[in-house]
Amino acid sequence: MDFSLSDEARMLRDLCRGFADRAIRPHAAKWDRECYFPVELFREMGELSLMGLLVPVEYGGTGVGTVAFAAAMEELAAADNSTAACWNAHLTIGSLPILHFGTEEQKRRWLVPLAQGEKLGSCAFTEPGAGSDLSGIETRALRTKEGWKLRGRKIFITNAGTEMSLGPLVLARTGENRFGFFVVPRGTPGFGIGPKAEKLGWRSMDTRELIFDDCLLPADHLLGESDVESIRQATETLAVGRISVAALSLGLARACLDASLAYALERRQFGVPIASFQAIRSKLADMATRLEMARLITMKAAWLHDRDEPYRQEAAMAKLAASELAVDASREAVQIHGGYGYMEGEFPVARYYRDAKVLEIGEGTSEILRVVIAKGLGC
Amino acid sequence: MDIVVCIKQVQDPDIPPRDFKVDEEKMMVVPPANVPPVISTFDENAIEAAIQLKEAKGGKITVVTMGGDKAKDSLKKCLAMGCDEAVLLQDPAFDGSDAFGVARALAAAVRKIGKFDILMCGRLSSDWSYGTTPLALAEALNLPSVTQLQKIEARDGGLRCERALEDGVEVVDVSTPCLLTVSNEMNNPRLPSVKGILTASRKQIPLWKAADLGVDAGSVGAGAATLELTKLYKPVFTGQCEFITGETLEEAAENLALRLRADKII
Ligand SMILES: Cc1cc2nc3c(=O)[nH]c(=O)nc-3n(C[C@H](O)[C@H](O)[C@H](O)COP(=O)(O)OP(=O)(O)OC[C@H]3O[C@@H](n4cnc5c(N)ncnc54)[C@H](O)[C@@H]3O)c2cc1C
Ligand SMILES: Cc1cc2nc3c(=O)[nH]c(=O)nc-3n(C[C@H](O)[C@H](O)[C@H](O)COP(=O)(O)OP(=O)(O)OC[C@H]3O[C@@H](n4cnc5c(N)ncnc54)[C@H](O)[C@@H]3O)c2cc1C
């Protein structure tokens, strides 16, 4: 067994660490406070060829593999979970459906500009009445003479409303039990974008409601040669997103540990650093131990994915373990910081606490993941 | 324009002071666990300067370092940033070399590389800050040298260089081949792109031993060192905070100035 990263993966991780130190960490609090989506950051990431990590070289990406990708994601996520989450949405659900389902012509047309960082990717599954259970979606695509007519609403959609957005990939019902992904470029008549949602955390992320009011699309805007027969077929290639959200969670948990450790060594009460109290030490020891465990299962899932072996169970476990760790670690980080932890500004842990919660909700809620894992066990 | 850059891998200077540890007995700096070493700060400026010259004038950049296996990571980073080739000098005979020993080995490597127009180094290393290796290297290769540069401009038949000095800027014209040392005023080193990383990871880094360089083992290493380390310790800084006040802001500023003069700071 070999736990070391390849040279390439280490260099990518170091690049992301250096980039995060220089271009992200110093601004994260401001972006959060002002709910500002830093479009210039994503353009710079394009210049560093960071926007196509999971897309093969022939489509403008760098195809670094899932292990290297997860290591990179942890670095950005540790600096600012919110912008890292936008990056995650672009790299996974915003790009991969085109790679998996798209025709050669569709890949050239839409995937290449995404992977090269000219455009930002987004994907719309969720609706007011359908989240965990996507088989309940009501957005419909009707076949017309010229192509498709899209009607419905999507909510909580990341990356669709920025100036560099390509426009969402929309999951819609094409028949009784048939589904397809539709590319809806920005500015298509009948495609409306709601105001930016106000959120507890991930506040720099651009999250919106999308409205499709008899939105007409040419026939070639359905990804692939034809629609598919089940929701499972439409979404199953995207489980790599769970590994990615696990890595996002690891980054946040690590940031909590780093901040808490530094604070506990500095902060003195009763004449000694609070790190000398057993109660504080136990918290730090637990955080560090769970972080190591969650990272191991995340990397194992990534490694299985890279080897084309079954990885779904491990990916679900990784996302579950890492996201629950992130929430717990952020709560303890605030606790260790005492009153300072509750305040915004001087220390980042209040922001970590707000950012963490969503990790237990997106890409499969904790409850759904437990259902998936239990099913995997044979229940 | 062909350029050779000599770099050094050092302990990350950006670690928190509490992680900086010295073994006084062995007279060694104890590297912190889990913090990978990095390219010495000014050396990275030299790499960036070389890449910018290459982008403007074409040519090839070769990077050389002396070090252990980990030093390969620093060379790979240079390749990923845009350098063309890298060489690692590694031999037990080199262990414990002082600046002159290092310069002898580097000089032999530069001769082996062959033709070049500029040999570049950082102005100081971020670990010991001696700044002697580049000059010893210029001496060993009988090259003119200009140090502490903030700007290099290629002109017909030579280079125009600006030296960043404490009290101003000195402009020096120099013919090539020459040795230049680069200061941080010169540039902000770029990050390698992912594409650069992929290219770099496919490149081989040859390893040259003392024998490959024709370097006599007696002229390098601890035995040949002329520098003797007598004591190594971590200095203790004591801080004191004092508030300078006054009835008005102007008066407070005046009191501050008087106080600084009394302490011979201004
Ligand atoms: C910041 C943010 C960004 C997002 N970005 C996107 C995006 O880009 N694209 C997109 O399509 N979606 C996006 N989403 C939506 C996200 O994927 C959904 O919120 C998520 O899938 C959960 O669906 P829901 O909100 O409808 O909750 P529901 O499915 O209504 O769940 C409510 C509760 O019921 C529980 N529950 C549901 N079913 C079961 C069950 N069978 N057993 C036990 N418990 C159950 C859930 O675990 C949860 O606790 C985003 C959400 C957020 C918060
Ligand atoms: C919204 C808000 C309103 C407030 N209002 C007021 C107010 O009106 N008036 C006022 O005076 N104060 C007020 N406070 C301050 C509050 O009382 C303090 O934050 C609280 O007493 C904790 O002190 P601290 O923040 O200095 O944390 P610290 O005492 O530094 O504690 C940091 C961490 O170390 C732990 N710790 C400390 N000592 C030990 C030990 N011996 N063993 C184990 N663990 C230890 C703590 O449990 C905590 O986890 C307010 C705070 C907040 C957040």
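Residues numbered from 1 in each chain as written. Chains lettered and ligands numbered in written order. Predicted model: local features only at pLDDT ≥ 70, side-chain atom pairs only at ≥ 80, totals over all residues.

## Some details on the overall build of chain B
What counts, and what does not: The numbering of helices and of strands both runs from the N terminus, where a helix is a DSSP run of H or I of at least 4 residues and a strand a run of E of at least 2. A residue is called partly exposed when the number of other C-beta atoms within 10 Å of its own lies between 12 and 20, exposed at 12 or fewer, and buried at 20 or more, with C-beta atoms placed from the backbone. In this description, a residue-residue contact is defined by the distance between C-beta atoms placed from the backbone, which must lie within 7 Å.
When helices and strands are counted, chain B shows seven helices and 13 strands. With respect to the three principal axes, the spread of C-alpha positions in chain B is 70 × 50 × 40 Å. Expressed as a percentage of the 266 residues in chain B, the buried residues total 37%. A fraction of 73% describes how many contacts in chain B between residues 6 or more apart in sequence connect residues 24 or more apart.

## Overview of the domain arrangement of chain A
All names here are of chain A. Our working rule: In this entry, domain limits derive from an automatic or database-based domain assignment. Throughout, the ten residues Ala, Val, Leu, Ile, Met, Phe, Trp, Tyr, Cys and Pro are labelled nonpolar, Asp, Glu, Lys and Arg are labelled charged, and all others, Gly among them, are labelled polar.
The domain boundaries assigned to chain A delineate domain 1 (7-115), domain 2 (123-228) and domain 3 (239-377). Taken residue by residue, the interface counts four residues in domain 2 and six residues in domain 3. Here the side of domain 2 that touches domain 3 is composed, by residue class, of two nonpolar, two polar and no charged.

## What about the interface of chain A and chain B?
Where interface size is given, it is often the accessible area lost as the parts come together that is meant. Contacts between the two partners involve 13 residues from chain A and, on the opposite side, eleven residues from chain B. Grouping the amino acids of the side of chain A that touches chain B by side-chain chemistry returns eight nonpolar, three polar and two charged.

## Observations regarding the nonpolar core
The following threshold applies: The term nonpolar core means buried Ala, Val, Leu, Ile, Met, Phe, Trp, Tyr and Cys residues held together as one set by C-beta atoms within 7 Å.
With 193 residues, the main nonpolar core has Leu12, Phe182 and Cys256 of chain A together with Val5, Ala105, Leu106 and Met120 of chain B as its most contacted residues. Among residues more than four places away in sequence, those in contact with alanine 105 of chain B are Met66, Leu89, Phe94, Leu213, Val215 and Val220 of chain B.

## Overview of the sheet that holds strand S11 (residues 168-174) of chain B
All names here are of chain B. Formally: A pair of strands is labelled paired if DSSP reports no fewer than 2 bridges between them. In this analysis, axes come from line fits to C-alpha atoms, helices being fitted only over the stretch in contact, and the angle between any two N-to-C directions falls in the range 0 to 180 degrees.
Strand order across the open sheet formed by nine strands is S11-S10-S9-S12-S8-S1-S6-S7-S13, with mixed pairing between neighbours. Where the open sheet ends on each side, the last strands, each with one partner, are S11 and strand S13 (207-208). The pairing of strand S9 (residues 145-155) with strand S10 (residues 158-165) spans six bridges and is antiparallel. Bridge pairing in S10 links isoleucine 152 to cysteine 161. Here helix H2 (residues 71-81) sits on the sheet in contact with strand S6 (61-66) and strand S7 (85-89), set at roughly 165° to S7.

## What about the site of ligand 2?
Residues and elements named next belong to chain A. Threshold: Using the backbone to place each C-beta atom, any residue with that atom within 6 Å of a molecule or strand is considered near it.
Every one of the 13 residues lining ligand 2 counts as a neighbour, but Phe277, Ala279, Gly338, Gly339 and Tyr342 are closest to it. Elements with a minimum of two residues in the shell around ligand 2: helix H10 (278-306), helix H11 (312-336) and helix H12 (338-342). The class makeup of the residues in the shell around ligand 2 is eight nonpolar, four polar and one charged.

## Notes on the site of ligand 1
Near ligand 1 there are 21 residues, and of these Phe125, Gly131, Ser132, Thr365 and Glu367 of chain A occur at the shortest range. Of the residues that make up the shell around ligand 1, three or more belong to each of domain 2 (123-228) and domain 3 (239-377) of chain A.

## What to know about the domain arrangement of chain B
Its domain assignment divides chain B into domain 1 (3-224) and domain 2 (236-266). On a C-alpha basis, the centroid separation for the pair domain 1 of chain B and domain 2 of chain B is 42 Å.

## Regarding unusual backbone geometry
All names here are of chain B. Cis geometry marks the peptide bond from threonine 176 to proline 177; its omega dihedral reads 0°. Mapped onto the elements, proline 177 comes out in the loop between S11 and strand S12 (178-182). Here the phi dihedral of asparagine 34 falls at roughly 65°; this positive angle occurs in a residue that is not glycine. Looking at where asparagine 34 falls in the secondary structure, it is placed in the loop between strand S4 (28-30) and strand S5 (38-39).

## Here we look at the packing of helix H1 (residues 7-24) of chain A against helix H4 (residues 66-79) of chain A
All names here are of chain A. Note the threshold: Angle categories are assigned with fixed cut-offs, so that under 35 degrees is roughly parallel, over 145 is roughly antiparallel, 65 to 115 is roughly perpendicular, and the rest are oblique. Helix crossings get a hand from a simple test, with the near helix turned counterclockwise from the far one by less than a right angle marking a left-handed crossing and a clockwise turn marking a right-handed one.
Relative to each other, H1 and H4 sit at 15°, their axes nearing to 8 Å. Taken as axis vectors, H1 and H4 run roughly parallel relative to one another. Remark: the crossing between H1 and H4 carries right-handed chirality. Between H1 and H4, the residues in contact are Glu8, Ala9, Leu12, Arg13, Cys16, Arg17, Ala20 and Ile24 and Val67, Ala68, Ala71, Ala72, Glu75, Leu76 and Ala79, respectively. Here the residues of the contact of H1 with H4 sort into eleven nonpolar, no polar and four charged.

## Some points on the environment of tyrosine 233 of chain B
All names here are of chain B. Checked against the element boundaries, tyrosine 233 lands in the loop between helix H6 (210-213) and helix H7 (249-262). Take tyrosine 233: there are 8 C-beta atoms within 10 Å of it, and that puts it in the exposed class. Along the primary structure tyrosine 233 and valine 29 are separated by 204 residues, whereas in three dimensions their C-alpha atoms are 9.0 Å apart.

## Overview of the environment of glutamate 242 of chain B
Mapped onto the elements of the fold, glutamate 242 of chain B is located in the loop between H6 and H7. In this structure, the C-alpha to C-alpha distance between glutamate 242 of chain B and leucine 191 of chain B, residues 51 residues apart in sequence, is 41 Å.

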